[in-house]
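Observations on the three-dimensional arrangement
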Number of protein chains: 2
Amino acid sequence: MIYALTVPQFSKMLDNLSAILHKAAAYADSKKFDVAVLLNSRLAPDQFALIRQVQICCDTAKLGVARLTGTLEQAPKHADDETTLAQLLQRIEDTKQYLAGFSAADFDEAATRTISQPRWEGKTLTGEQFLIQHMLPNFYFHLTTAYAILRHNGVEVGKKDYLGPMPYQGA
Amino acid sequence: MIYALTVPQFSKMLDNLSAILHKAAAYADSKKFDVAVLLNSRLAPDQFALIRQVQICCDTAKLGVARLTGTLEQAPKHADDETTLAQLLQRIEDTKQYLAGFSAADFDEAATRTISQPRWEGKTLTGEQFLIQHMLPNFYFHLTTAYAILRHNGVEVGKKDYLGPMPYQGA
């Protein structure tokens, strides 16, 4: 289930993120202001702006999957130097392409793998603890914050934009 | 893993939500305004205010677990009539107590259970699809939005308040 919780679901949510960024661009166009205003908006003066929220969201997916699969050394590096909408959309696309390289079998040992991060100063979590208590809450946190910055600034986004399509059966 | 993703993790995140609401109350006290101002704040005029975000967050946990365990009929009803901080904290506490009544074995058939909701008009998802694509993203969405409303209004909350303590080993 760890594969299903991460690779396809993150990929879908990153598509939704691209879609709301396109909505932001259309809104800026219609109001005749530069979309960069939205990209550099934030909800509080000491909070990261939208660009950084998108970067962290992408890295939570990329580095989380890399750590869970024990392939951190091979993960591509990103300089976090995006300033334009086009660059930000490309960052999302790069992340999706990276995720697409994994299969369910890559996560066979993920639940019990020992996970650490530089800022944890040598402390560790199991893969399952990391996934449930750190990676998933963080991913959705930065995605929702990106959404909230746009919502607060008048872009017409709703819950369906955030969740994306559901694979409904029947009726 | 469905139990671990929901019951203990939602319970922990609801504790974190209580804690940031207490921070909101302390902030209102220090600035000499009624905390009800924060409870009725929102990030956009057509978005739900903080009270409703907390109610939906609680119900996403309660009803999600009820549906996954096939016990929807027995789930307690809530009237969504909270107006004070004390009532909102009690709602969170009620939800935590409800969650505490479940064990991992209650989720044995959750992944393949057929899930529906009134607004889906007869359509269904499997339990695993519902959990991954609907319940988890929704729970974290409303939790993050509650956090964002407070953050935007000056309450000193940070990522650690949102994530809560990690069960680190070693070092």
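Note that the coordinates shown come from a computational prediction; the quantities given were computed from them, not determined experimentally. (Residues numbered from 1 in each chain as written. Chains lettered and ligands numbered in written order. Predicted model: local features only at pLDDT ≥ 70, side-chain atom pairs only at ≥ 80, totals over all residues. Heavy atoms only, no water.)

**A few points about the relation of the copies chain A and chain B**
Defined as follows: A least-squares superposition brings the copies together, and it is based on the C-alpha atoms of residues with pLDDT no lower than 70 in both. Two residues form a contact once any of their heavy atoms are found within 4.5 Å.
Note on the copies: chain A fits chain B at an RMSD of 0.0 Å, the axial shift is 0.0 Å, and the rotation between them is 180°. The transformation relating the two chain copies, once decomposed into turn and shift, fits a two-fold axis. Interface overlap between copies: 100% of the residues of chain A at the interface are likewise at the interface in chain B, consistent with a symmetric, same-surface contact.

**With respect to the interface of chain A and chain B**
Stated formally: Put simply, a salt bridge is a Lys or Arg side-chain nitrogen that is within 4 Å of an Asp or Glu carboxyl oxygen. For this analysis, a polar contact is any N or O atom pair within 3.5 Å, provided that within protein one partner can donate a hydrogen and the other can accept it, and provided that sequence-adjacent residues contribute only side-chain to side-chain pairs. For helices the rule is a DSSP run of H or I covering at least 4 residues; for strands it is a run of E covering at least 2, with both sets numbered from the N terminus onward. Any residue that is not Ala, Val, Leu, Ile, Met, Phe, Trp, Tyr, Cys, Pro, Asp, Glu, Lys or Arg is counted as polar, Gly included; the first ten are nonpolar and the last four charged.
Taken together, the contact between chain A and chain B spans 46 residues of the former and 46 residues of the latter. Inspection of the chain A/chain B interface yields two salt bridges. We note a salt bridge from Asp46 of chain B to Arg151 of chain A, for which the minimum N-O separation is 2.8 Å. At the junction of chain A and chain B, the tally comes to 20 residue pairs in polar contact (both at pLDDT 80 or more). Secondary-structure elements contributing two or more residues to the side of chain A that touches chain B are α1 (2-31), β2 (125-126), α5 (127-152) and α6 (159-163) of chain A. Here the side of chain A that touches chain B takes 18 residues from α5 of chain A, the largest share from any one element. Tallied by class, the residues present in the side of chain A that touches chain B amount to 24 nonpolar, 15 polar and seven charged.

**Some remarks on the packing of helix α3 (residues 50-68) of chain B against helix α5 (residues 127-152) of chain B**
All names here are of chain B. Convention followed: Lines fitted to C-alpha atoms define the axes here, with helix axes fitted over just the stretch in contact, and angles between the N-to-C directions of these axes take values from 0 to 180 degrees. Comment on the angle field: the value is read as roughly parallel under 35 degrees, roughly antiparallel over 145, roughly perpendicular from 65 to 115, and oblique elsewhere. Rotating anticlockwise by less than a right angle from the far helix to the near helix defines a left-handed crossing, while the corresponding clockwise rotation defines a right-handed one.
Put simply, α3 and α5 touch, their axes get as near as 9 Å, and they point 160° apart. When the axis of α3 is compared with that of α5, the two are roughly antiparallel. Along this stretch, α3 crosses α5, giving a crossing that reads as left-handed. Packed against α3, whose contacting residues are Leu50, Gln53, Ile56, Cys57, Thr60, Ala61, Gly64, Val65, Arg67 and Leu68, the element α5 presents Gly127, Phe130, Leu131, Met135, Asn138, Phe139, His142, Leu143, Thr145, Ala146, Ile149 and Leu150 at the interface. For the contact of α3 with α5, the class distribution of residues is 14 nonpolar, seven polar and one charged.

**Some remarks on the packing of α1 of chain A against helix α4 (residues 85-99) of chain A**
Residue and element names in this part refer to chain A. Where α1 contacts α4, the two axes come as close as 10 Å, and the packing angle between them is 170°. As judged from the angle between their axes, α1 and α4 are roughly antiparallel. Taken as a pair, α1 and α4 cross one another with a handedness that is left-handed. Contact residues: Val7, Phe10, Ser11, Leu14, Asp15, Leu17, Ser18, Leu21, His22 and Ala25 in α1; Leu85, Leu89, Ile92, Thr95, Lys96 and Leu99 in α4.

**Re the side chain of Thr145 of chain B**
Counted only if it meets this: Under the scheme applied here, a residue whose accessible area is under 20% of the maximum for its type counts as buried, over 50% as exposed, and between as partly exposed, the area being computed with a 1.4 Å probe on protein chains only.
As for its position among the elements, Thr145 of chain B is in helix α5. Taking relative accessible area as the criterion, Thr145 of chain B reaches 1% and is therefore assigned buried. At a separation of 2.7 Å, a polar atom in the side chain of Thr145 of chain B contacts the main-chain carbonyl oxygen of Phe141 of chain B. If we skip the residues at most four places from it in the chain, Thr145 of chain B touches Thr144 of chain A together with Gln47 and Gln53 of chain B.

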